[in-house]
Amino acid sequence: MNNQRYEQSMVESKDVENQLKQIEKILQASVEKSVLEEKFIEEANDQFEINLVALKKYFPEIYDKYINFSPKEQFNLFLNDNGSPNLVDYDTNCPIYSADPISQVKDQVENAIKSPVFSKVSYHYLEKLDNQYDFIHVDLIKSAGKVYNKARNSLEVNTELKGKVPSSVIFGVGLGYHLNAVLDAVPSEYINLFEPEEDYFFASLFTFDWASYLKKIDDKGLSLYLSIGVDEEGVYQDLYSRAQEQGPFTISNSWFFQHYPSLSINNLILKLKDNFHEFFMGWGFIDDAFMSLAHSCENVKRQLPMFRAHYDVENHFKDFPVFIVANGPSLDNDIEFIKKFRDDVIVVSCNSASTALIKNGIIPDFHAALERSRATYDFLKAFLPEDARKQMSLLTVNVMHQDVASLFSWAGAALKGREAGTSLHQVAEMFSRKKSSMTLPFCNPLVGNMALSYVVSLGFKNIYMFGVDSGYVDPAHHHSKSSMYYNSEGDTVYQPLQIGSQLRVPGNFGKEVIADHFLYSGKVQMERVLRTARAQGVSCFNCSDGSFIDGTTPLRSDDIILPSNTRRRENVIDYVKSELFYTPDKDFDLEKYLDFESFEKLCSTMIEILSEPVSVRSEAFEQVMKQIRLLMSLKETQFSHHFMVLEGEALYLNSIIINMLFNYGDDESIMPFYQELKGVWCDFLEDAPSLYRKNWNKASDHVFEV
């Protein structure tokens, strides 16, 4: 009995001893972790201060945001048992990293490199383009497409991530564990780094050496774009704007890397994939640039009234309601409403919508026209009766064909952005010591875009849109039945142009709407103009039964209650024409700033750069970027019109070159095709100076056949 008690006592003693050892072990681990935490706090605070100094140098706006930043209450930055920092994810309420983040991220980066995800666009279709109008541009890209297809048909598709790439898109900063590994393994000319959760970036300021990372990027001459706390729509808009402003090289042929799972990041990736085509549209081309110069010079010579496009211009009738009327199919539902309130509002009609309004006895106050070719003159003369035109005024842009203004009782023009003629106009203003005129923001690709941009820029704050559908429910009902697209029986007589594949987008009043990429781009551009500073305080009501446009309020015409207004419409119209426009001086001459000699020097310098010997893909890429950087450097100078003349062809051709370089073959096998395609571009650059001298004053002769 005593032995049993003794043995039981020994067992209990051992249990207590084990428990004590376990407690001692836990206490020791707690003490060790406490030491690690104290060390981390000290080092993290020092790192935070160093990082803020670096942000102030490289990203002052982000510095301003984080100098006195407070994260959300659920913010939880903690240490793993081994002392490595970790972070609790807001969506899952679980740690983002494992117990060993360094090893985890090392495997993640290696796997992403082994199985890379690329964004790519194919140019195989260019060789077969039709050139019915004998455009220089089409001949050029057809020749490029021919070489591109040679490479495509001769070489294997490149699926390897090897050496430098044009662009990398990194989704998620987290605590920054991956950033140096990605930079070292995948050097990129353009690094696009997005962190949708601003609290996570705040955490990274304590855990990652941003100062060294930013200095390394700066020393290498790379470009880093950092978007923090921006939702997927905002990030997409940033990417789009950058591609348009600085060229598609900032996003084309990108390697995608997603650091951690996130609904916001997943949505952004899907949006990029669905709309990637947008980054490669709308650069213009050299034939357009020559028309732009010719029409702009002639319109100034004829003293066409120009919009006083300055932010300090204030509209004294800003609250007067404006109806923007486009020719979407839903216009048919609202014609009677527009007719009822016609005398109480200003009506701005978008090109073919005027045919529908006039047919229903409504004479618009302003007709908006955007298309620069001679066909606009022919169309207006054929489809708008002269007695109606002479009761209307024209709102257009400086690059409009010079004969169009004569069709109306009054015409006024604003500067259209991203145009050779506009750049020349602004250069002439600068050298003539005149106040520089601003451009209409986001006025492409539809006339409705220009009309909205105009009305917002003129300073009107109460805007109602009708027939601005940017799509349609019924493919057979693509415009107002009252317009020139249909005969008296309602049958289509003019088939609208469809550009791009069909998309289904959310409707303004709930149901889905059919749109092509062209119409969708118009919708997106309207959303962009409504986000500009000039649009602050604007109430824009979308009464159209078409695509939903963010920034507008959906409103059925039956529910509109117009505010009472004692001011007469005629007085507002007179004010717009007399106070918000001015007549150019007779001695204001654009032509003397064309500067043919400097343009020739630019082209020859680009050819010299491209003539340097290269032997592998990375060297070829650097060569392409070197001549592109030279061209881009002229963008904000007195030679900006030279930049605009070459920009479209440079962006198209060099996008094709870079695409081919990285999509096909290996470092060496692609080089013969690179040399051949580069030769196509150099031949064009050699001819460009004589084309400039010969064509700068040739107006459009593209007629509209009735």
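Asks: I would appreciate a short explanation of the overall build of the protein chain in the present structure.
Replies: The helix and strand inventory of the protein chain stands at 22 helices and 20 strands. Going through the 706 residues of the protein chain one by one, you find that 54% of them count as buried. Restricting to contacts in the protein chain with at least 6 residues of sequence separation, those with at least 24 account for 75%. Surface exposure of the protein chain reaches about 31,700 Å², of which carbon and sulfur atoms provide 49%.

Asks: Even after reading the chapter, I still don't get the nonpolar core, so can you show me in this structure?
Replies: Within soluble globular proteins, side chains that are nonpolar generally end up buried alongside one another. Of all hydrophobic cores here, the largest spans 68 residues; its most connected members are Leu 646, Tyr 674 and Trp 681. When residues of this core are traced back to their parent elements, those giving at least two are helix 4 (136–154), helix 10 (286–301), helix 15 (420–431), helix 19 (596–610), helix 20 (617–632), helix 21 (640–663) and helix 22 (671–695). Sequence-distant contacts of Tyr 674, defined by excluding residues within four places in its chain, comprise Leu 610, Val 614, Ala 620, Gln 623, Val 624, Ile 657, Met 660 and Leu 661.

Asks: How should I be thinking about the layout of surface pockets in this particular structure?
Replies: Unfilled space is identified by rolling a water-sized probe across the atoms. Considering only enclosed or pocket space, the second largest pocket measures out at about 260 Å³ in volume. Forming the boundary of the second largest pocket are 19 residues, of which Asn 158, Glu 160, Arg 617, Phe 662 and Gly 665 lie nearest the centre. Elements supplying a minimum of two residues to the lining of the second largest pocket: strand 4 (165–171) and helix 21. When grouped by side-chain class, the residues that make up the lining of the second largest pocket number 6 nonpolar, 5 polar and 8 charged.

Asks: Looking at this structure, how should I read the pairing of strand 9 (residues 322–325)?
Replies: On any regular strand, side chains alternate: one points to one face of the sheet, the next to the other face. Residues Val 322 and Ile 324 line one face of strand 9 and the alternating positions Phe 323 and Val 325 line the opposite face, and both faces are buried. As paired strands, strand 9 and strand 15 (residues 462–466) are joined by 4 bridges and run parallel to one another. Bridged to Val 325 within strand 15 is Phe 466.

Asks: What's the story with unusual backbone geometry in this structure? I'm lost.
Replies: Glycine aside, negative phi is the norm for most residues, and most peptide bonds take the trans geometry. Here Asn 444 and Pro 445 are connected by a cis peptide whose omega angle stands at 0°. Mapped onto the elements of the fold, Pro 445 is located in the loop between strand 14 (439–440) and helix 16 (447–457). Phi is positive for Asn 351, close to 45°, though the residue is something other than glycine. One non-glycine residue with positive phi stands out, namely Ser 470, at about 50°. If you trace the backbone, Ser 470 turns up in the loop between strand 15 and strand 16 (502–506).

Asks: Explain the environment of Arg 504 to me, please; I cannot follow it from the model alone.
Replies: Within the secondary structure layout, Arg 504 lies in strand 16. Taking the C-alpha atoms as reference points, Arg 504 and Asp 516, separated by 12 residues in sequence, lie 8.5 Å from one another. With near-sequence residues (within four places) excluded, Arg 504 lies in contact with Glu 512, Val 513 and Ile 514.

Asks: I keep staring at the pairing of strand 10 (residues 346–350) and nothing clicks. Help me out?
Replies: By the criterion of burial, strand 10 is predominantly enclosed, with 5 of the 5 residues buried. Judged by which residues are buried, strand 10 turns out to be covered on both faces: Ile 346, Val 348 and Cys 350 on one side and Val 347 and Ser 349 on the other are all buried. Alignment of strand 9 against strand 10, held across 4 bridges, turns out to be parallel. Bridging across to strand 10, Val 325 finds its partner in Ser 349. Judged from the 3 bridges that link them, strand 10 and strand 11 (residues 366–368) form a sheet pairing that is parallel. Paired with Cys 350 across the two strands is Ala 368, which belongs to strand 11. Viewed along the sheet, the connection from strand 10 through helix 12 (residues 353–359) into strand 11 turns out right-handed.

Asks: In this structure, what is going on with the sheet that holds strand 6 (residues 223–228)? I would like to understand it.
Replies: Two orientations exist for strands paired in a sheet by backbone hydrogen bonds: parallel and antiparallel. With respect to topology, 5 strands assemble into an open sheet ordered 3-7-4-5-6, the strand pairing being mixed. Sheet topology places strand 3 (117–119) and strand 6 at the edges, where each strand pairs with a single neighbour. Each strand axis lies, on average, 20° off the axis of its neighbour in the sheet, ignoring direction. Sheet analysis places strand 3 next to strand 7 (residues 254–258), joined by 3 bridges and oriented antiparallel. The residue bridging Ser 119 from the neighbouring strand is Ser 254, located in strand 7. Against the sheet, helix 20 touches strand 4 and strand 5 (188–195), its axis set at about 80° to strand 5.

Conventions and cut-offs
Residues numbered from 1 in each chain as written. Predicted model: local features only at pLDDT ≥ 70, side-chain atom pairs only at ≥ 80, totals over all residues. Heavy atoms only, no water. Helix = DSSP H or I, 4+ residues; strand = E, 2+ residues; numbered from the N terminus. Buried < 20%, exposed > 50% of the residue type's maximum accessible area, 1.4 Å probe, protein only. Contact = heavy atoms within 4.5 Å. Areas by Shrake-Rupley, 256 points an atom, 1.4 Å probe, with all protein chains shown as cover. Core = buried A, V, L, I, M, F, W, Y, C linked by side-chain atoms within 4.5 Å. 1 Å grid on protein atoms, 1.4 Å probe; cavity = no way out; pocket = protein on both sides within 12 Å on 5 of 7 lines; lining within 4 Å. Points joined across faces, edges and corners; volume = space filled by probe spheres on them. Nonpolar A, V, L, I, M, F, W, Y, C, P; charged D, E, K, R; others polar. Pairing = 2+ DSSP bridges. Right-handed = clockwise from strand over helix to strand, strands pointing away. Axes fitted to C-alpha atoms, helices over the stretch in contact; angles between N-to-C directions.

Keep in mind that these numbers describe shape and distance, not what the molecule does.
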